Amino acid sequence: MASAKWGSFGSSLKLDRGSFLAYFMGGIVPLIALGAVADRYALSPFAEAAKDDFAIGLIVLVGSICLLSLGSFLMLRRLVQQTIRQSHLLAYYDSLTGLPNRKLFTDRLEQSLHQARRSDRLVAMCFLDLDGFKLVNDTLGHSAGDRMLREVSERVMNCTRLSDSIARASSEESSVAVSRLGGDEFTFVLNGIARSDDAGIVADRVLNAIRKPFVLEGREVTASASIGIAVFPHDGEDAETLLRNADRAMYWAKGRGRNNYQFYAESMNTAAKRKIELEGRLRRALDDDDLTLHYQPMRNAEGTTVTSAEALLRWEDPDLGPISPAEFIPVAEETGLIVRVGEWVLRTACAQAQAWQEAGYRPIRMSVNLSGRQIRRTTLVESVDRVLRESNLSPAHLELEITESTIMQDDDVTLEAFRELDEMGVGLALDDFGTGYSSLSYLRRFPISRVKIDRSFVNGVPDNKDDTILVAAVIAMARSLGLAVVAEGVETREQADFLRDSGCDELQGYLFSPAVPAEDFARFLEKEKPGHEPDPTGTP
Ligand code: C2E
Ligand code: MG
Ligand code: MG
């Protein structure tokens, strides 16, 4: 097994033997010789007596001049060589980590593929991207970020040396080449392996190495990475295709909760094409004002009064038909479009809530879903504030729903944004509660006033024993923490009765109504206007 060894900038600047000889010959030797001549014929008090040795002096002088010229020539040659070497390093190596850059990586990958074609071996192209690296740069500064990248490169180098078992199963020419493509993107290519599974073993080792804490600015920082793997020849015959497919697999890994690796699969291609198509169409829908909001009521536990309207996005593409938010919201998040979408939702929902109040309906809460990406935008608080002012809606009538995965990011930016919103008087609800891994400490740290039990648990109530125990426990726990509880996805009367008896504060689900257009929602409010008899069954 030949492990790849890359040069680095540090070593190129050392005074090697050649340079030393050049400087010695070019500078020091002639100087000593000239010094000796000067001493003998000019400075010496016996200069007169030395006239006899004139011939020897001349020879030394001429010799020194020759040596000086030769030395200068050698020195000049050395300088030119070093400059060429330096520009070569700049062109082919990354100056931060000393790893090969994208250009050299591509050249070497092409070479590896050429060899693999002849030897019938596999080449695994692994694409690594750090999870949430931007946050390190944003919170600890760029020099901490640089240090982290250097350490990541060392860790990747250390654990990509092929283990003996892989090397034995593979060929003598097996090797690993690590490169940095830019930013927080690294690649490691396993050349000449016998089984694609070997790439999974190495990727796992890399993930473990990156999970070990980094010490930056005196703080322990934990990190993780997502890795996509594309294997030659199945997943691509050329460097460009392999890189693209490994990149795609890496995004897949990010989508599956980060901190994992994924092998490329053809289905990712289909999914990626659909995503690209959705992105284009969603952009157009935004420009053409083709998105709409529907509103789903939340009711008190008895089901007699509407407590809130949850704004839910609806999009019907002229060619593709209705597209579920569960499909297009992740696309909007990945592409950054969610920021525009989110602002539009917030503006429309707040304006609607105010319009209902102005139409004389009893004020209710307007619940708006927020995606993680929106929250990490530094302008979130500002834009909520602006929208509230523009719409004239009181902050007390707005509640933002965030999911557990968002709160799990647990970074200072998110916490600070939540605190500011809380101070403004805007409510915060934890959506889809129970689907993530949020610990109770998050509920205390973050200014949350309400949890919404995910419908997957409500679904099994009251027949499924486990779900029933869990839902009852969540309600009791939330209440003891002083939080209000909403149950989502209530579809049957039995569920509603059980939830009410267990102490749930509010219910939401098809039993009462799906999300409906604003005009239809107004009818629920109309029924609650003084003079209307409330429905004794609790069903509108
Ligand atoms: P969510 O916030 O948990 O919204 C509840 C989802 O459950 C909605 O799906 C709603 O239609 C559905 N639902 C409500 N009651 C029932 C029921 O009784 N049975 C069943 N089977 N389903 C019920 P929808 O509208 O498809 O939205 C899905 C998700 O998309 C939402 O989950 C939310 O996370 C996201 N989403 C929707 N609108 C927005 C938005 O404006 N911004 C963001 N960031 N996310 C949104
Ligand atoms: Mg929600
Ligand atoms: Mg939910």
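Here's a quick rundown of the structure. (Residues numbered from 1 in each chain as written. Chains lettered and ligands numbered in written order. Predicted model: local features only at pLDDT ≥ 70, side-chain atom pairs only at ≥ 80, totals over all residues. Heavy atoms only, no water.)

Notes on unusual backbone geometry
For the bond from Phe232 to Pro233, the omega torsion is 5°, close enough to zero to count as cis. Tracing the backbone through its elements, the reader meets Pro233 in the loop between strand E6 (225-232) and helix H9 (239-255). Residue Pro462 is bonded to the preceding Val461 through a cis peptide linkage, with omega at 0°. Locating Pro462 in the fold gives a position in the loop between helix H18 (455-458) and helix H19 (465-480). Unlike most non-glycine residues, Asp432 shows phi in positive territory, near 50°. Looking at where Asp432 falls in the secondary structure, it is placed in strand E13 (residues 427-433). Classification of Asp432 as partly exposed rests on a relative accessible area of 25%. (Helix = DSSP H or I, 4+ residues; strand = E, 2+ residues; numbered from the N terminus. Buried < 20%, exposed > 50% of the residue type's maximum accessible area, 1.4 Å probe, protein only.)

Digging into the pairing of strand E1 (residues 122-130)
Of all 9 residues in E1, 9 are buried; the element is thus mostly enclosed. Burial along E1 is two-sided: the residues Leu122, Ala124, Cys126, Leu128 and Leu130 and Val123, Met125, Phe127 and Asp129 are all buried. The sheet contact formed by E1 and strand E3 (residues 185-193) spans 7 bridges and is antiparallel. Bridge pairing in E3 places Leu128 opposite Phe186. Judged from the 8 bridges that link them, E1 and E6 form a sheet pairing that is antiparallel. Bridge pairing in E6 places Cys126 opposite Ile229. (Pairing = 2+ DSSP bridges.)

Re the sheet that holds E6
Strand order across the open sheet formed by 5 strands is E2-E3-E1-E6-E7, with mixed pairing between neighbours. Because the sheet does not close on itself, it has two edges, and the strands there are strand E2 (175-182) and strand E7 (261-263). When strand polarity is set aside, the average angle formed by the axes of neighbouring strands in this sheet is 20°. Pairing geometry for E6 and E7, over 3 bridges, is parallel. Directly across from Gly228, in E7, lies its bridge partner Gln262. (Axes fitted to C-alpha atoms, helices over the stretch in contact; angles between N-to-C directions.)

Re the nonpolar core
Trp356, Leu398, Leu400, Leu499 and Phe521 are the most contacted members of the largest nonpolar core, which totals 82 residues. No other element matches helix H12 (residues 338-358), which puts 10 residues into this core. Those residues within four positions of Phe521 in sequence are excluded, and the remaining contacts are Tyr295, Gln296, Pro297, Val306, Ser308, Ala309, Trp356, Ile364 and Val516. (Core = buried A, V, L, I, M, F, W, Y, C linked by side-chain atoms within 4.5 Å. Contact = heavy atoms within 4.5 Å.)

Digging into the site of ligand 1
The local shell around ligand 1 holds 21 residues, among which Arg314, Asp431, Arg455, Glu491 and Tyr510 are the closest. One of the side-chain N or O atoms of Arg314 is found 2.8 Å from an oxygen atom in ligand 1. In this structure, a nitrogen atom belonging to ligand 1 sits 2.5 Å away from a side-chain N or O atom of Glu491. Coverage of ligand 1 by the protein chains reaches 84% of its 790 Å² of free accessible surface. For the shell around ligand 1, the secondary structure elements donating two or more residues are strand E9 (306-317), helix H11 (325-335) and E13. The biggest single contributor to the shell around ligand 1 is E9, with 4 residues. A class-by-class count of the residues in the shell around ligand 1 yields 8 nonpolar, 5 polar and 8 charged. (Near = heavy atom within 4 Å. Polar contact = N/O pair within 3.5 Å; in protein donor to acceptor, adjacent residues only side chain to side chain. Areas by Shrake-Rupley, 256 points an atom, 1.4 Å probe, with all protein chains shown as cover. Nonpolar A, V, L, I, M, F, W, Y, C, P; charged D, E, K, R; others polar.)

What to know about a nonpolar patch on the surface
Side chains of Phe54, Leu58, Leu61, Val62 and Ile65 sit close together on the surface and give an oily, nonpolar patch of about 450 Å² of accessible area. Within the secondary structure layout, Val62 lies in helix H3 (residues 54-92). (Patch = residues over 30% accessible without salt bridge, like charges linked within 9 Å, V, L, I, M, F, W, Y side chains within 5 Å. Salt bridge = Lys/Arg side-chain N within 4 Å of Asp/Glu carboxyl O.)

Looking at the coordination of the magnesium ion (ligand 2)
The coordination sphere of the magnesium ion (ligand 2) contains the protein donors Glu310 (OE), Asn369 (OD1), Glu401 (OE) and Asp431 (OD), at a distance range of 2.0 to 2.2 Å. Mapping the donors of the magnesium ion (ligand 2) onto the primary sequence yields the spacing E-x58-N-x31-E-x29-D. The distance between the magnesium ion (ligand 2) and the magnesium ion (ligand 3) is 4.1 Å, with Asp431 acting as a donor to both metals. Remark: Glu401 occurs in strand E12 (residues 398-403) and Glu310 occurs in strand E9; sequence separation between them is 91 residues. For the pair formed by Glu310 and Glu401, the shared burial category is buried. (Donors = N, O, S within 2.8 Å, 3.2 Å for Na, K, Ca; no water.)

Observations regarding the pattern of salt bridges
In total, this model carries 31 salt bridges according to the counting rule given. Glu151 is paired through a salt bridge with Arg155; the nearest N and O atoms lie 2.8 Å apart. Here Glu151 pairs with Arg155, and both are found in helix H6 (residues 142-159), just 4 residues apart, close to one helical turn. The class for Glu151 is partly exposed, based on a relative accessible area of 29%. A salt bridge links Arg450 to Glu399; the nearest nitrogen and oxygen atoms lie 2.9 Å apart. Taken together, the positions of Arg450 in strand E14 (residues 450-453) and Glu399 in strand E12 put the pair 51 residues apart, joining distant regions of the chain. In the salt-bridge network here, residues are joined through shared partners; they are Glu277, Arg281, Asp317 and Asp319.

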